[in-house]
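# Structural description and commentary
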Amino acid sequence: MKRYLGVDAGASKTHAVVIDEHGHVLGKGMAGNGNHQLGRDVAERNIRDACDGALAEAGLSKEDIRFAYFGLAGADREPDYAILRPMIGSLGFPRHDIACDTMIGMRAGTNRPYGAAIICGTGFNSAARNAAGQELQYGGFGFKFGDGYAGGSGLALLGFRTVIRAWDGRGPKTQLTPLVLEHMGYASVEAMYEDVLYGKTIPASLVKTVLEAAAAGDAEAISILETEGEELGNAVCALIERLGMENETFDIVYIGSVLNKGNSLILSDAIERVVAKRAPHASCVRLTSDPVAGALMSALEADGQVIDAATEARLKSLSF
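In what follows, the accompanying structure is described. Predicted model only: the values in this text are computed from it and were never measured. Counting restarts for each chain, with residues numbered from 1 along the sequence as it is written. Given that the model is predicted, a residue must reach a pLDDT of at least 70 before its local features are reported, and side-chain atom pairs must reach 80 or more before they are shown or counted; all residues, however, enter totals for whole chains, interfaces and linings. Excluding hydrogens and water, the side-chain values take into account all heavy atoms of the structure.

This brings us to the pattern of salt bridges. Salt bridges are defined by distance alone: a side-chain nitrogen of Lys or Arg within 4 Å of a carboxyl oxygen of Asp or Glu. As enumerated under the stated definition, the model contains 14 salt bridges in all. Where Arg170 meets Asp168, a salt bridge forms, and the shortest distance between an N and an O atom there is 2.6 Å. For the exposure calls, accessible area comes from a 1.4 Å probe over protein chains only, and a residue counts as buried if that area is under 20% of its type's maximum, exposed if over 50%, partly exposed in between. Judged by its relative accessible area of 55%, Arg170 is exposed. A relative accessible area of 34% means that Asp168 is categorised as partly exposed. Here the salt bridges share partners, and the residues they tie into one network are Arg40, Asp41, Glu44 and Arg48.

Right, let's get into the layout of surface pockets. Cavity: a set of points on a 1 Å grid over the protein atoms alone where a 1.4 Å probe fits but cannot get out. Pocket: an open set with protein on both sides within 12 Å along at least five of seven lines, its lining residues, like those of a cavity, having an atom within 4 Å of a point. Grid points are joined across faces, edges and corners, and a volume is the space filled by probe spheres set on the points. Approximately 650 Å³ is the volume found for the largest pocket. Secondary structure follows DSSP: runs of H or I at least 4 residues long count as helices, runs of E at least 2 residues long count as strands, and numbering of each begins at the N terminus. No other element matches the 3 residues that helix α3 (residues 101–108) contributes to the lining of the largest pocket. Basically, the charged four are Asp, Glu, Lys and Arg, the nonpolar ten are Ala, Val, Leu, Ile, Met, Phe, Trp, Tyr, Cys and Pro, and anything else, Gly included, counts as polar. Across the lining of the largest pocket, the residue classes break down as 9 nonpolar, 13 polar and 5 charged. Each pocket or cavity is described by its volume, and for the second largest pocket that value is around 220 Å³. Lining of the second largest pocket is provided by Leu158, Arg161, Thr162, Arg165, Arg170, Gly171, Pro172, Glu220, Ser223, Ile224, Thr227 and Glu228. When residues of the lining of the second largest pocket are traced back to their parent elements, those giving at least two are α4 (152–168) and α8 (219–242). Across the lining of the second largest pocket, the residue classes tally to 3 nonpolar, 4 polar and 5 charged.

Coordinates in, geometry out; function isn't part of it.
Structure, rendered in structure tokens:
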């Protein structure tokens with residue numbers, strides 16, 4: 001029997017799973033933050049603990065694992081990999097590889113080892129991998145570094161800004177006003193304005209009001225989602241073009257809470273209008289599997305295994 005390990009290490013949790021070559025789960029492990037950018041020592045300890053937990057449940061040692069694949073939040077740039085390569089190497093798996101967690105999310109959402117992904121949760125990111133295995137990504141470092149405001153926190157900011165402009169006369173009235181006031185617990189825009197002016201945080205969860213107002217037909221909310229959806233489409237298509245994939249057939253996987261909400265169609269429709277023009281053979285799909293499935297499939301493929309439909313279905317049904 002051949003055994004493989006897949007790891008999904010994010011900012012809030014780390015999942016590790018051991019499987020056989022047919023995708024049967026032999027052991028699972030779970031720990032906290034695995035993003036080195038939020039604390040290298042803590043991340044290393046949590047990744048180690050999750051792997052050790054999965055191995056212990058499977059009754060295996062590291063030497064029994066033919067290939068271990070790690071999808072890591074914070075694996076954004078070469079300086080990150082300079083930290084992560086020795087950190088993961090020190091775990092003791094004879095054969096292993098690492099990638100940004102965006103890439104394992106992409107692999108979990110498609111039946112191909114290549115494609116593209118858009119992450120739109122609290123933040124934004126996009127990535128692509130071509131059939132030759134070349135990868136590119138945008139790190140989602142914010143507006144100053146070329147991003148739009150897409151991502152839950154950015155959309156929340158735009159929703160708040162729209163309410164302020166409607167209140168002070170610089171913008172049209174909007175259905176966002178009562179929704180934002182209710183969400184933030186205020187009776188008046190002025191009181192909310194004053195508190196935010198003096199330091200109160202605009203919650204990322206305010207994105208829900210933008211989606212709700214747009215679904216109800218509010219022109220301002222619709223404009224926000226269309227503009228930012230076009231920017232998400234532009235970001236992923238720029239990567240697709242840089243990798244020479246614009247005339248190929250592949251999936252663009254939607255990852256993250258915002259893009260996978262039932263009322264996010266205005267946002268996703270805007271993305272798909274851009275994709276239809278610039279990568280006409282690509283299909284946009286929503287991620288419905290745990291991203292650790294992508295790490296496990298990547299481990300199998302790195303060892304030269306061909307993943308049949310039954311194995312893929314088994315892995316994509318995995319849950320914690």
